[in-house]
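Below, each chain spelled out in residue letters.
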Amino acid sequence: MHVANEILNYGILHCVSPRDLMPHIVETHDVVRIFKGKEKPVKALDKVSIYIGEGEIFGLLGPNGAGKTTLIKILTTLLLPTSGEAYVGGFNVSKEAHKVRRIISLVSGGETPGYGILSAKENLWFFSQLYGLSSSIAKARIELLMADLEFEEYAKTRMSRLSTGYKQRLNLARGLLNNPKILFLDEPTLGLDVLTSMKLRAYIVDWAKREREGTVLLTTHYMAEADEMCDRVAIIDRGRILACDSPLRLKRKLEESVIMKVEVSSVQADFSFLDHIKGVIGYSQTRSIQTDTTSFKVMLTEERIFADIMSKLEAQNLKVLSTNKAEPTLEDVYISLVGRGFEEEEGPDHES
Amino acid sequence: MNREELIHNLKAVYARLWVRIKGGNREPEWLAAEVVIPVITLSAYVFLYKMVKAPPEYAGFVIIGGTMMAFWSNVLWNMSAQFYWEKETGNLEVYLVAPISRMAILLGMALGGFVNTALRATAVFVAGILIFQVPIALYEPLTALLIFFLTIGALYALGMMFASLFMLYGREAWHTANLLQEPIQFLSGTYYPTTSQVVPQTIQLLSSLIPLTFGLDGIRRVAILGQGIGDVWLNIVALVIFVLVLLPLARFALGFMENLGKKEGRLTLRWQ
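This one's a predicted model, so the numbers in the text were calculated from it and none came from an experiment. (Residues numbered from 1 in each chain as written. Chains lettered and ligands numbered in written order. Predicted model: local features only at pLDDT ≥ 70, side-chain atom pairs only at ≥ 80, totals over all residues.)

### Describing the overall build of chain B
The following threshold applies: Put simply, DSSP marks the helices as runs of H or I at least four residues long and the strands as runs of E at least two long, and each gets a number from the N terminus on. With the radius of gyration taken over C-alpha atoms, the globule rule is written as 2.2 Å times the number of residues to the power 0.38. In this scheme every C-beta is placed from the backbone, and a residue whose C-beta has 20 or more other C-beta atoms within 10 Å is buried, one with 12 or fewer is exposed, and one in between is partly exposed. Here, residue contact means that the backbone-derived C-beta atoms of the two residues sit within 7 Å.
For chain B, the count of helices and strands is eleven helices and zero strands. Tracing chain B from N to C terminus, the helices and strands come up as α-α-α-α-α-α-α-α-α-α-α. In terms of overall size, chain B behaves like a compact globule, its C-alpha atoms giving a radius of gyration of 19 Å where 272 residues would be expected to give roughly 19 Å. In terms of its C-alpha atoms, chain B occupies a principal-axis envelope of roughly 60 × 40 × 35 Å. In chain B, buried positions account for 50% of the 272 residues. Long-range contacts, defined as pairs at least 24 residues apart, comprise 83% of the intrachain contacts of chain B with a sequence gap of at least 6.

### Here we look at the environment of Ser207(B)
Residue and element names in this part refer to chain B. The topology assignment puts Ser 207 in helix α9 (residues 201–207). Look at Ser 207 and you get buried, because 22 C-beta atoms sit within 10 Å. Spatially, the C-alpha atom of Ser 207 lies 27 Å from that of Tyr 139, the residues being 68 residues apart in sequence.

### Some points on the confidence of the model for chain A
Low-confidence regions, as indicated by low pLDDT, have predicted coordinates that should not be scrutinised in detail. Residues and elements named next belong to chain A. What counts, and what does not: Known as pLDDT, the predictor's per-residue confidence is scaled from 0 to 100.
Per-chain confidence: chain A averages 85 in pLDDT, with 90% of residues scoring 70 or above. Contacts of residues 1–12 to residues separated by more than four positions or lying in other chains number 16 contacts, the stretch itself having pLDDT below 50. Note that residues 344–352 has pLDDT below 50 and, in this model, 22 contacts with residues that lie over four places away or in other chains.

### Considerations on the sheet that holds strand β9 (residues 215–220) of chain A
Residues and elements named next belong to chain A. Our working definition: Each pair of strands is called paired provided DSSP finds at least two bridges between the two strands. Angles shown run from 0 to 180 degrees and are taken between the N-to-C directions of axes, each axis being a line fitted to C-alpha atoms and, for helices, limited to the stretch in contact.
Here we have six strands laid out as an open sheet, ordered β7-β8-β9-β4-β10-β11, and mixed in their pairing. Either end of the sheet is taken by a strand with one partner, and the two such strands are β7 (104–108) and β11 (240–245). Going from strand to strand, the sheet's axes swing by 15° on average, the running direction of each strand aside. Across the sheet, helix α11 (residues 330–338) lies against β4 (57–61), β10 (232–237) and β11, angled at about 40° from β10, the strand it touches most.

### Looking at the nonpolar core
As a reminder, the rule being used: Joined through C-beta atoms within 7 Å, a set of buried Ala, Val, Leu, Ile, Met, Phe, Trp, Tyr and Cys residues constitutes a nonpolar core. Here the bounds of each domain stem from an automatic or database domain assignment.
Leu75(A), Leu217(A) and Ile235(A) are the most contacted members of the largest nonpolar core, which totals 176 residues. Sorting elements by how many residues they give to this core places helix α7 (residues 141–169) of chain B first, with 19 residues. When residues of this core are assigned to domains, at least three map to each of domain 1 (2–252) and domain 2 (258–327) of chain A. When residues no more than four places from it in sequence are discounted, the contact partners of Leu217(A) are Val26(A), Ile52(A), Phe58(A), Ile72(A), Leu75(A), Ile182(A) and Phe184(A).

### Thoughts on the packing of helix α4 (residues 82–89) of chain B against α7(B)
Residue and element names in this part refer to chain B. The condition is simple: Should the near helix be turned anticlockwise from the far one by less than a right angle, the crossing is left-handed, and should it be turned clockwise, the crossing is right-handed. Here the nonpolar group is Ala, Val, Leu, Ile, Met, Phe, Trp, Tyr, Cys and Pro; Asp, Glu, Lys and Arg are the charged ones; every other residue, Gly included, is treated as polar.
Where α4 meets α7, the axes come as close as 7 Å, and the angle between the chain directions of the two elements is 35°. Seen from above, α4 lies across α7 with right-handed handedness. Between α4 and α7, the residues in contact are Gln 82, Phe 83 and Tyr 84 and Ala 163, Phe 166 and Met 167, respectively. Residue classes in the contact of α4 with α7 are distributed as five nonpolar, one polar and no charged.

### Some points on helix α2 (residues 68–75) of chain A
Residue and element names in this part refer to chain A. In terms of burial, α2 is largely enclosed, as eight of its eight residues are buried. When α2 is considered as a whole, its buried residues turn out to be Lys 68, Thr 69, Thr 70, Leu 71, Ile 72, Lys 73, Ile 74 and Leu 75. Phi turns positive one or two residues past the end of α2, at Thr 77, with a value near 70°.

Right under this line is the structure:
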């Protein structure tokens, strides 16, 4: 929590990639977006400045309501910033929206664009025409994408009869039809099973590497997804970019911290005492009603502080089922910045 | 718009038209229902006129009114309100991110909707004429066609304008569409001639603000009463004015609403 406050007090973090190494294909300069709230205005983005290099897979990681979708909507010309400027492919998203649209594509997870009464292949043909593809190119790309994403056998199946996983494959294929220079993915694996998610992630990474200049901006609240896919990750919370670096370097910053995972035998365990222990950087908790247990992960400045925590748990008559020392993950980076996990105190979801 | 952009947009028009025709005719039972139900509605009016011993051409008025009403319903629910559904399914977002004119999508919808409705309306018209033995006095079919296409142009332009409302206001616009269904049916004289002496002048005046009124009146005069272009020139002029005013207005409204939506953040907001 102390670290988090320091970062928040430090001011706005500018997420810059090494300019000398790669030209920036996405840039935002102090972008602010304010929505009319029911009681008071809601600041969804607060002076967000990011720079994404060509060919990068860049992740925006944050809980629901953090401002990820708002930023992606601004970059895909669906929303105007209240102040600040954003450029995609060198074009101003507010003033040159049409030029931006020629080089981008947007795939939103949980969405099923298309027409249920048409087959998967018919839907893809329809979307190919929105990008003006010739019949031969459209046909070849559709065949290739259906084969790559493994849904050839469902080519003639009506979209309404496809499972969620196949609908999402279709959605991704739709997003790649125009061979975009920048692919925007908003929670692309939302609601998908593990296997389908893995396949889609692998395919997106492969696509970005294959298309030498293919850039991906991905929003997610799945830590593992950001860790696995992204060259760089920006951690966003309540409209502010709190940290921005490669997943490895972000995690390395926590090397001096100690992360402990503890499981206790009550679903109602109260860990508010952690707020008062000096040396606790932050913590997150997961409660399981089925097993009547609570797991919590706590980040400490020194290992010896853990003994204090154990004695406090004992004082509360909580049975400790297991304790483990853990390697830092992106979730820990988030905890170190905000003082809490994703599942707690999420911001207002003004985007949906 | 350069040549390349024009071709690109025409492809989008064709694609959206194709979706509508393909989707609209994939289930044969839909087609049957869309022909049979309007014929039943028309029958009620025809029987009523026969019962009160109205002149025989009134049956013809009803059949033409019912046929044209199919187009108005299509404009209102499958054209204007379509953007609401497109928003809910996530298609609107895809359209707005694609490098095409929104008018291309609307034009595709309009043409596809027109083809689908024309198939059904023709079936309703032919069935009505055959079942009720309506006397036809059509001497100038080209004039009738001209009035018909001008009416369709004006109606679909009106539909495009309403689409921009649905794009931004979603369900709030639904009530507006509901409000436009019955009153327009009443004011435009779908099942009776507004120019008859029984209709009060105020209603005649109000009805003159609706393109459907001029279209219906013109087609009825040419097809049932045997009149010619000299008798319906005022209808033609009024319809041309409607088309010339409504089309650019629809384009402006669409651009204005899109910009407003981007400012307010309501463009892709669901369930509003």
